[in-house]
Every structure is written in C-alpha cells, then in structure tokens.
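Analysis of the macromolecular model
One letter stands for each residue in the lines below.
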Amino acid sequence: MSLKIIIGSACKELGTKVLERMSQPATATVLECFPDGEFHVELLDPVRGGDVFLLQSTCPPVHDNLQELLLLSDACRRAGAVRITAVVPYFAYARQDRRTGGRQPIGARLMADLLVTSGVARVVAIDLHNAALEAAFSVPMEHLTAVPLLAEAAKPVPSGAVVVAPDLGAVKLAERYAGIWGLPMAVVHKIRLSGSEVKVRRIVGDVANREAIIVDDMISTGATIEAAARAVVEHGATRAQVVATHGLFVGEADRKLHSLPLDAVLTTDSVVPPTLSTDLHVRRASLDGLVAEAISRLHAERSLAAFRAG
Ligand code: R5P
C-alpha cells in the first residue's frame, strides 16, 4: 500500500512541516466553498490502493472543518483507498462525552460515528479532553500525547515551581508534567457556570511563594485559565505560566490572559494559528515530529506505545 497524505484546511501549517519532515508530497486536493455554503472537495491525485492519512483538526470553524474531513474521507473511500486514517490533532466535541442532564446528545459519540460512516478506519488524536473517548469508537483510536514535547519546550522550569491542574479533569495531565519536571502539584476545584464562565471553589495543595505552571488540555475561552491564575495569585503564588496542548483562543480569550500576570503561554500548532487582539505572546511548539512519527509507524505497522497518552 502506498502512503498518501492529505492536508486539510485547518492543518496547513502543521501539515507542511509534517510533509517536509517525511519528504513526502501532499496528495493534491481542491477544497472550496460553493456560494450556497456547501463544500466542494476533490482529489487531484489518485489514492487507489493507498494507505491514506487525512490530517485535519476540527477546530473553529468546527463544523466546516469537520465537514471537510468527512467529505475528504468519503472521496478517498470512493476513489479506492485501501485504508483511511484520520489524524485529528484537535478533536472537537471531546468535552461532550456524556449526558450531564436529560434530553441531551452525546456529541463525541456522534463525531465518532460520522467519521466511521465516512470511511475512516482508524483515528489518531492528541491530548483528548477525556481518554475514555476511545470507547466511543468502533474503529481503533490512537490517543497520543504532546506532554513530553511541551514539557521539554517549557524548560527551564523554575525549581521552586508548582504544577497546577486548573480543574479536576486536568489532574492526570498535571501528574504527568509534575513527574517529568520533578515538581509538586496543586489542584484548583473549579465549577463551570456556563460555556464561558467558571468559578473557583478552593485550591488543594500549596502554591504560596511559588511560581505556578498551570497545565490543561486546551484553552478555549480562557475562562478556566483566568480563574485558575487569579486563584493561585490570591493564594500567594508569585507568578504563573500556562502550558496547554490546544490553543483555540476563542472570543475574549487572549484579552483575559493578557490581563493576568503570566510569564509565558505555551501551546502547540494543533489548530489554525489564532488571530489575537492583544500582544499576548503565545509560543507554539510544533507537533510535526509527533505526527510524522505516528504516520510513519502506523504505515509501517509499528507500535505507537512510546507516544500514547496516559
Ligand atoms: C475542561 O474541562 C477543559 O479541560 C478545559 O479546561 C476547558 O475546556 C477550557 O475551556 P475554557 O478556556 O473555555 O475555560
């Protein structure tokens, strides 16, 4: 099976680096939007008999990027691809992994079903909101992590620092960073009031007179990081910095973060570079090495164990 790599609109920057690293040409495509809002997708190169990797994050505009991925997959299936792997560095709807009340959908499960229906035989994702999401898929899911590369990119970390999980869901992630850096941990007990509002109940662990390194899977509206940063400073932390895999920065996110005493904000290039309305300095470590290695290994039927999340 010949290797074919298709880059979606949301992963142009990352995809270009991945192709360069792998010395691979991109499979050419037409990706356009008709005047009525429908997408038109076409493969300009053959994929028949191919082992196809579709690289596309489902970041905002979520439904456009998702639909493009689904159409690309369907096009590959109909054009005779033998196997289609969706490499989705940022996987949308991962936070909708269960019903929190009655009469709600399970968005993550529906995403999984849509991908499989379109022809995807395997999914690769990076630092999902919830590792248990794998269970939503009827096809193999490779859940990889960017923690080691972000932990390296964040160095040097101050020796007296503390790793802070900004909510209970980030505890495992924080444990991983704390283990790599050899630092203690603290946990912020957050409750979510709405899609863009959160409230801190208390902090478990000692942050006084320490620099706080707040770690999370993603920054969306920035509300979680803002609440955590304000809380640790109120509890005596000297400064704070942020490390999060997916930097979406939607709405007022960069304004919120800009107003905080942050030394650094580190994310990855898992999504389209956000347009910021402030001069907030966001450093983006590239996932190109991780994604290139994942594609090479999967194509060669080799293990990904060394890159798996938790
Ligand atoms: C939630 O549990 C996630 O891990 C993130 O903390 C959260 O989704 C980030 O969203 P926002 O930036 O809108 O608070």
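This report concerns the structure included in the present document. This structure is a prediction, so every number in the text was calculated from the model and none was measured.

1. Here we look at the overall build of the protein
- Scanning the protein for helices and strands turns up eight helices and 14 strands.
- Relative to the 2.2 N^0.38 estimate, which gives 19 Å for 310 residues, the radius of gyration of the protein is 20 Å and therefore close to what a compact globule would have.
- Seen along its three principal axes, the alpha-carbon backbone of the protein occupies a region of about 60 × 40 × 35 Å.
- Within the protein, buried positions represent 52% of all 310 residues.
- Across the protein, contacts joining residues at least 24 apart in sequence account for 65% of those joining residues at least 6 apart.
- Counting only carbon and sulfur atoms, one obtains 51% of the accessible surface of the protein, whose full area is about 13700 Å².

2. Focus on empty space enclosed by the protein
- Evaluation of the coordinates by the stated rule reveals one cavity of 30 Å³ or more.
- Lining the largest cavity we find P89, Y90, F91, A94, I126, D127, L128, H129, D217, M218 and H246.
- Residues that form the lining of the largest cavity fall into these classes: seven nonpolar, two polar and two charged.

3. So, the site of the ligand
- The environment of the ligand is formed by 14 residues, the closest being R95, D216, D217, T221 and T224.
- Between an oxygen atom of the ligand and a side-chain N or O atom of D217, the distance comes to 2.5 Å.
- The contact in question runs from an oxygen atom of the ligand to an N or O atom on the side chain of T224, over 2.5 Å.
- Starting from 370 Å² of accessible surface for the ligand in isolation, the protein chains cover 94%.
- Elements with a contribution of two residues or more to the shell around the ligand: β9 (185-194), β11 (212-219) and α6 (223-234).
- Top element by residues in the shell around the ligand is β11. It accounts for four residues.
- Among the residues making up the shell around the ligand, the classes are represented as three nonpolar, five polar and six charged.

4. Focus: the side chain of H189
- In this fold, H189 is placed in strand β9.
- If sequence neighbours within four positions are ignored, H189 has contacts with L168, K199, V200, R201 and R202.

5. Examining helix α5 (residues 171-181)
- Of the positions making up α5, those classed as buried are L173, A174, Y177, A178 and W181. End-on, the buried residues of α5 take up no more than an arc of 135 degrees, which puts them together on one face. The exposed residues of α5 that point more than 90 degrees off its buried face are K172 and G179.
- Packing partners of the buried residues in α5 comprise α4 (147-153), β8 (162-165), β9, β11 and β12 (240-247).
- Once α5 finishes, G182 follows within two positions and takes phi at roughly 65 degrees, a positive value.

6. What about the packing of aromatic side chains?
- Tallying each qualifying case throughout the model produces two aromatic pairs.
- Considering the side-chain rings of F91 and F137, the 5.7 Å spacing of their centres and the 70 degrees angle between planes classify their relative orientation as edge-to-face. Of the two residues, F91 sits in the loop between β5 (83-88) and α3 (107-118) while F137 sits in the loop between β6 (122-126) and β7 (141-144), which places them 46 residues apart along the sequence. Grouping residues by exposure puts F91 and F137 together as buried.

7. Things to note about the environment of D113
- With respect to the secondary-structure elements, D113 resides in helix α3.
- Taking C-alpha positions, D113 is 31 Å from R284, a pair spaced 171 residues apart along the chain.

8. Some points on the pattern of salt bridges
- Evaluation of the coordinates by the stated rule reveals 16 salt bridges.
- The salt bridge involving D97 is made with R98; its shortest N-O contact spans 3.0 Å.
- By relative accessible area, R98 is classed as exposed at 52%.
- Within this structure, D51, R83 and E301 form a network of salt bridges that share partners.

Calculation notes
- Counting restarts for each chain, with residues numbered from 1 along the sequence as it is written.
- Totals for whole chains, interfaces and linings use every residue, but because this is a predicted model, local features are given only for residues with pLDDT of at least 70 and side-chain atom pairs only at 80 or more, for both listing and counting.
- Excluding hydrogens and water, the side-chain values take into account all heavy atoms of the structure.
- Secondary structure follows DSSP: runs of H or I at least 4 residues long count as helices, runs of E at least 2 residues long count as strands, and numbering of each begins at the N terminus.
- In this treatment the radius of gyration is a C-alpha quantity, and the globule benchmark scales as 2.2 Å times the residue count to the 0.38 power.
- Residue burial is assigned from relative accessible area. The probe radius is 1.4 Å, only protein chains are included, and a residue is buried under 20% of its type maximum, exposed over 50%, and partly exposed in between.
- It only takes one pair of heavy atoms within 4.5 Å for two residues to be counted as in contact.
- Using a 1.4 Å probe, accessible areas were evaluated by the Shrake-Rupley method; residue-level cover was limited to the displayed protein chains.
- Lining residues are defined by having an atom within 4 Å of a point belonging to a cavity or pocket. Those points lie on a 1 Å grid over the protein atoms alone, cavities being sets where a 1.4 Å probe fits but cannot get out and pockets being open sets with protein on both sides within 12 Å along at least five of seven lines.
- Grid points are joined across faces, edges and corners, and a volume is the space filled by probe spheres set on the points.
- Under this grouping Gly is polar, as are all residues other than the nonpolar Ala, Val, Leu, Ile, Met, Phe, Trp, Tyr, Cys and Pro and the charged Asp, Glu, Lys and Arg.
- The nearness test applies per residue and asks whether one of its heavy atoms lies within 4 Å of the molecule or strand.
- Between N or O atoms, a polar contact is any pair within 3.5 Å; within protein, one atom must be a potential hydrogen donor and the other a potential acceptor, and residues adjacent in sequence are included only when both atoms are from side chains.
- By arc we mean the arc of the directions from the helix axis to the C-beta atoms, nothing more.
- Stacked, tilted and edge-to-face pairs are distinguished by plane angle, under 30 degrees for stacked and over 60 for edge-to-face with tilted covering the rest, among Phe, Tyr and Trp rings (Trp via its six-membered ring) whose centres lie within 6.5 Å.
- Each salt bridge in this description consists of a side-chain nitrogen of Lys or Arg and a carboxyl oxygen of Asp or Glu lying within 4 Å of one another.

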